[in-house]
Amino acid sequence: MKRLALLLALLAAAPVAAVMPDEMLPDAAQESRARAISRELRCVVCQNQSIDDSDAPLARDLRLLVREQIAAGKSDRQVQDYVVARYGNFVLLKPPVEGDTLLLWVGPFAVLLLGGIGIAFWQRRRPAATADADPLTAAERAELDRLAGPSD
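Residues numbered from 1 in each chain as written. Predicted model: local features only at pLDDT ≥ 70, side-chain atom pairs only at ≥ 80, totals over all residues. Heavy atoms only, no water.

## Focus: the overall build of the chain
Right, on to step 1. The helix and strand inventory of the chain stands at six helices and zero strands.
Right, on to step 2. Taken from the N to the C terminus, the helices and strands of the chain come in the order α-α-α-α-α-α.
Right, on to step 3. In the chain, which comprises 152 residues, the share counted as buried stands at 22%.
Right, on to step 4. Summarising the internal contacts of the chain: among those between residues at least 6 apart in sequence, 50% fall at separations of at least 24. (Helix = DSSP H or I, 4+ residues; strand = E, 2+ residues; numbered from the N terminus. Buried < 20%, exposed > 50% of the residue type's maximum accessible area, 1.4 Å probe, protein only. Contact = heavy atoms within 4.5 Å.)

## Section: the packing of helix α2 (residues 28-40) against helix α3 (residues 57-71)
Right, on to step 1. For the pair α2 and α3, interaxial distance at closest approach is 10 Å and the crossing angle is 135 degrees. Taken together, the axes of α2 and α3 lie oblique to each other. Considering only the axes of α2 and α3, their crossing is right-handed. Contact residues: α2 offers Gln30, Glu31, Arg33, Ala34, Arg35, Ile37 and Ser38, while α3 offers Arg63, Val66, Arg67, Ile70 and Ala71.
Right, on to step 2. In terms of residue class, the contact of α2 with α3 is made up of five nonpolar, two polar and five charged. (Axes fitted to C-alpha atoms, helices over the stretch in contact; angles between N-to-C directions. Parallel < 35°, antiparallel > 145°, perpendicular 65-115°, else oblique. Left-handed = near helix turned anticlockwise from the far one by under 90°. Nonpolar A, V, L, I, M, F, W, Y, C, P; charged D, E, K, R; others polar.)

## A closer look at the pattern of salt bridges
Right, on to step 1. Summed over the entire model, instances satisfying the criterion amount to five salt bridges.
Right, on to step 2. Aspartate 76 is the partner of arginine 33 in a salt bridge, and the nearest nitrogen-oxygen pair spans 2.6 Å. Here aspartate 76 lies in helix α4 (residues 76-87) and arginine 33 lies in helix α2, a separation of 43 residues in the sequence.
Right, on to step 3. A residue is classified by how much of its surface remains accessible, and aspartate 76, at 33% relative accessible area, is partly exposed. (Salt bridge = Lys/Arg side-chain N within 4 Å of Asp/Glu carboxyl O.)

## Things to note about the nonpolar core
Right, on to step 1. Leu41, Ile51, Val66, Ile70, Val83 and Val91 are the most contacted members of the largest nonpolar core, which totals 17 residues.
Right, on to step 2. For this core, the secondary structure elements donating two or more residues are α2, α3 and α4.
Right, on to step 3. Setting aside chain neighbours within four positions, we find valine 83 in contact with Leu41, Leu62, Leu65, Val66, Gly88 and Val91. (Core = buried A, V, L, I, M, F, W, Y, C linked by side-chain atoms within 4.5 Å.)

## Some points on helix α5 (residues 102-125)
Right, on to step 1. With 24 residues, α5 extends 34 Å between its outermost C-alpha atoms, agreeing within 8% with the 34 Å of an ideal straight helix rising 1.5 Å per residue.
Right, on to step 2. At proline 108, α5 shows its largest bend, some 30 degrees.
Right, on to step 3. A small share of α5 lies buried, amounting to one of its 24 residues. (Expected span 1.5 Å × (residues − 1). Bend = angle between axes of the 7 residues up to and from the residue.)

## Here we look at α3
Right, on to step 1. With 15 residues, α3 should reach 21 Å at 1.5 Å per residue; the first-to-last C-alpha distance of 21 Å fits that figure.
Right, on to step 2. Residues of α3 that are buried in the fold lie against α2 and α4.
Right, on to step 3. With its phi angle positive at about 95 degrees, glycine 73 sits one or two positions after the end of α3.

## Some points on a nonpolar patch on the surface
Right, on to step 1. A contiguous nonpolar patch, built from Val97, Leu102, Leu104, Trp105 and Val106 and spanning about 460 Å² of accessible area, is present on the exposed surface.
Right, on to step 2. Relative to the helices and strands, leucine 102 resides in helix α5.
Right, on to step 3. Assessed through its relative accessible area of 41%, leucine 102 is described here as partly exposed. (Patch = residues over 30% accessible without salt bridge, like charges linked within 9 Å, V, L, I, M, F, W, Y side chains within 5 Å. Areas by Shrake-Rupley, 256 points an atom, 1.4 Å probe, with all protein chains shown as cover.)

Right, dumping it as structure tokens:
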């Protein structure tokens, strides 16, 4: 029962497509193509959502643009190329590996590598903890025993 409730909660929290009924193409096959293309394009306002999931006004404009291109008889590749020509590779959720997008692909790995190197240097420079690093003096030991009270 708990698993069913969890599954229902996860389904309710899933992103809902922001496509409005007035945007949809009358031809189901063309609408399916438009939705597939829209899932590949980034909302340049939200940046971490596809235009299919975003309710931003610019995402709506891009969805309409995609549908106009499809209705004009363009192929999926031509529609995507048209949008990229207007907005650049940043509009793609999976940009190609090229000179201007290389940082997007290599950056996370470089940060991870630099962080690992930094931690390794920090560990090497840190003094090693030893058992007798700061032994207590006789006076400190007596004070500690006094504070601890009588042992039973």
